[in-house]
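# Reading the structure
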Amino acid sequence: MTWLSRAVPLRYLTSNRRLQKPPWMTYPAAFYSDSTEKKGKVTPLQETRMRDRFTLYARGGEGGSGCSSLRRSRTDRFGKPDGGNGGRGGDVILECTHAVWDFSGLQPHVKGGKAGHGTSKNRIGNRGEDKVLQVPIGTVIHLQEGELPSQIQVGSPKSSDPWDLPGTLVDDPASDENSDVDQDTTPDSEEESVAMHVDMEKETDFEEDDEEGQVRYNVAELTEEGQSIIIARGGEGGLGNVSATRYLRGTKFAKTSTLRTMEGDSDDEDGNGNGQRTSIKCGSLGTESVLILELKSIADVGLVGMPNAGKSTLLGALSRAKPRVGHYAFTTLRPNLGNVNYDDFSVTVADIPGLIKGAHQNRGLGHNFLRHIERTKVLAYVVDLASGLDGCEGVTPWQQLRDLVMELEYHEEGLSDRSSLIVANKIDEDGADERLEELERRVRGVRIFPVCAVLEEGVDELKDGLKMLVNGEGSERLKLENISVD
Ligand SMILES: Nc1nc2c(ncn2[C@@H]2O[C@H](COP(=O)(O)OP(=O)(O)OP(=O)(O)O)[C@@H](O)[C@H]2O)c(=O)[nH]1
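In the annotation of an unreviewed UniProt entry, the entry for the protein chain reads OBG-type G domain-containing protein, and the organism field reads Brassica rapa subsp. trilocularis. The UniProt entry for the protein chain carries the following text under Sequence similarities (unreviewed entry): "Belongs to the TRAFAC class OBG-HflX-like GTPase superfamily. OBG GTPase family."

Structure below.
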């Protein structure tokens, strides 16, 4: 089609009848793809890449400062302390949800809300607002710097307790001689005690990695909807002069002179939390951590295959997922998930972007996506039966299988060692039947399902085969020694 064949409005024809190009024709790309332009779609290769690895800097909010205030009355000339404690800074929390599927919505630097300062009449400062970040299901956390994350129990009644007092408040200071404002480690809620338990467990798990500057791998993972962990805790609030007086009288600061000095210090503070933080009046800073978040999709079945083998088409045939399908390699740039429904249960299937020989040397899309099948129970190797037929260039199905197993093993030893089956796709193509026979001769040990994904032929048998493997009825594995390529 030439540009002249399109209807041109009269205003673009000049008086001497010479044709001038209308504006849209000066942009050939827009001209040829105007329907795409109108719908605002991107061309397939511009599809946004999945953000499945992310470095996050988190800091808990600062605790509020305690207030120094005296309440005088006609009967009490000297007054009584009535300054309230500062509030506790907001935490930074990761929450696992189906609503997001990668980390593209996250900001790299996140800080919990700053708490309010205490005020007179013994009023406690507002608690800093928690910053809740939504992460996808299957998020694995590696710790680069800072404290280990701590789990929050779902539905903990205390988690939203508005009367959650700053941990620095010591009810009976005299009973705990060694207590210290900045080192109060007594769990004040069920939530905190769980957190500490988790921490201790993890600590033992990662003892050997616990060297400075080293990343501590897999410190936590989020695998269920609603599961939350605190990755940076808000700072504790400073003590107001009511609590400070009680605290100091009951502990090592018992000397009146010290008490006066400490309280005096507090009076010098401007109350905005920027002053010297050694004073018990000042709120403490929140904890800081640097985390590497990594997504490992949780699927029962992983579809692996060379580019163009028909994985996305197959996922669409097996489930209601609508992945992008194209007749060129690397149409799929991110793992797609779909649910295969049976009468009584459903199976999640992940379509992993095409692997090629040498992916471990970063060819094609590299190995990045293979971590999404680390947690799958079953592998379905999808091969293109028509590849290399009719004298066309292409890799034979048995060679495809060999390359795939090798790439999986290069990525992680033992990755291919899980229940597997082979999907021999494109059985509708000429010469595919003979190819299938040869494939059955060359590959032993696993079941082969001939399928035509576009016409959805053979899909029901494949579904049954997948169901059996997911249920643990069968444990065939594809091994290199069982594939004959010569
Ligand atoms: N003849 C025939 N063509 C098929 C069949 N299944 C898929 N195709 C075609 O093969 C091409 C590639 O299909 P995709 O589903 O995008 O393949 P893929 O494996 O997801 O490709 P990547 O995204 O590169 O990994 C498309 O043109 C499909 O229409 C089939 O059963 N028979």
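Text resumes after the structure shown.
Right, let's talk about unusual backbone geometry for a bit. Although it is not a glycine, Lys121 adopts a positive phi angle of roughly 60°. Along the chain, Lys121 turns up in the loop between β5 (109-111) and β6 (131-136). Not every positive phi belongs to a glycine, and Glu456 is a case in point at roughly 60°.

As a further point, take the sheet that holds strand β16 (residues 419-425). Taken in spatial order, the six strands line up as β13-β14-β12-β15-β16-β17 in an open sheet, and their pairing is mixed. On the outer flanks of this sheet lie β13 (336-341) and β17 (448-451), each paired with one strand and no other. Taking each pair of neighbouring strands and ignoring which way they run, the sheet shows an average axis angle of 25°. With four bridges connecting them, β16 and β17 associate as parallel partners.

A few words now on the environment of Glu224. For Glu224, the location among the structural elements is in the loop between β9 (216-222) and β10 (228-232). Owing to 10 C-beta atoms within 10 Å, Glu224 belongs among the exposed residues under this scheme. Taking the C-alpha atoms as reference, Glu224 lies 6.3 Å from Ile137; in sequence the two are 87 residues apart.

Moving on, we come to the sheet that holds strand β1 (residues 53-59). What the five strands build is an open sheet, ordered β5-β1-β11-β7-β9; its pairing is mixed. Edge positions in the sheet fall to β5 and β9, since each of these pairs with one other strand and no more. Neighbour-to-neighbour, the strand axes of this sheet turn through a mean angle of 30°, independent of strand direction. Taken together, the seven bridges between β1 and strand β11 (residues 288-295) define a ladder with antiparallel strand orientation. Of the residues in β11, the one forming a bridge with Arg53 is Glu294.

Here we come to helix α7 (residues 397-411). The first and last C-alpha atoms of α7 sit 21 Å apart over 15 residues, in line with the 21 Å expected at 1.5 Å per residue. Taken together, the buried positions of α7 are occupied by Pro397, Trp398, Gln400, Leu401, Arg402, Leu404, Val405, Glu407, Leu408 and His411. On its buried side, α7 packs onto β12 (301-305), β15 (378-384), β16 and α8 (432-442).

This next bit is on the environment of Arg444. Checked against the element boundaries, Arg444 lands in the loop between α8 and β17. We classify Arg444 as partly exposed; it has 13 C-beta atoms within 10 Å. For the pair formed by Arg444 and Glu481, sequence separation is 37 residues and the distance between their alpha carbons is 9.1 Å.

The subject of this paragraph is the nonpolar core. Generally speaking, a soluble globular protein has its nonpolar side chains buried in company with each other. Ranked by size, the top nonpolar core spans 53 residues in total, and within it Leu303, Ala380, Tyr381, Leu401, Ile422 and Val423 carry the most contacts. Among the elements that take part in this core, β15 stands out by supplying six residues, more than any other. Formed by 23 residues, the second largest nonpolar core is a distinct cluster that contains Ala58, Ile229, Ile230 and Leu291.

Further remarks concern helix α6 (residues 311-318). Extensive coverage of α6 is indicated by the burial of eight of its eight residues. Burial in α6 covers these residues: Lys311, Ser312, Thr313, Leu314, Leu315, Gly316, Ala317 and Leu318.

Analysis parameters
- Residues numbered from 1 in each chain as written.
- Predicted model: local features only at pLDDT ≥ 70, side-chain atom pairs only at ≥ 80, totals over all residues.
- UniProt positions renumbered as here; feature names shortened; annotations may be inferred.
- Helix = DSSP H or I, 4+ residues; strand = E, 2+ residues; numbered from the N terminus.
- Pairing = 2+ DSSP bridges.
- Axes fitted to C-alpha atoms, helices over the stretch in contact; angles between N-to-C directions.
- Buried ≥ 20, exposed ≤ 12 C-beta atoms within 10 Å, placed from the backbone.
- Expected span 1.5 Å × (residues − 1).
- Contact = placed C-beta atoms within 7 Å.
- Core = buried A, V, L, I, M, F, W, Y, C linked by C-beta atoms within 7 Å.

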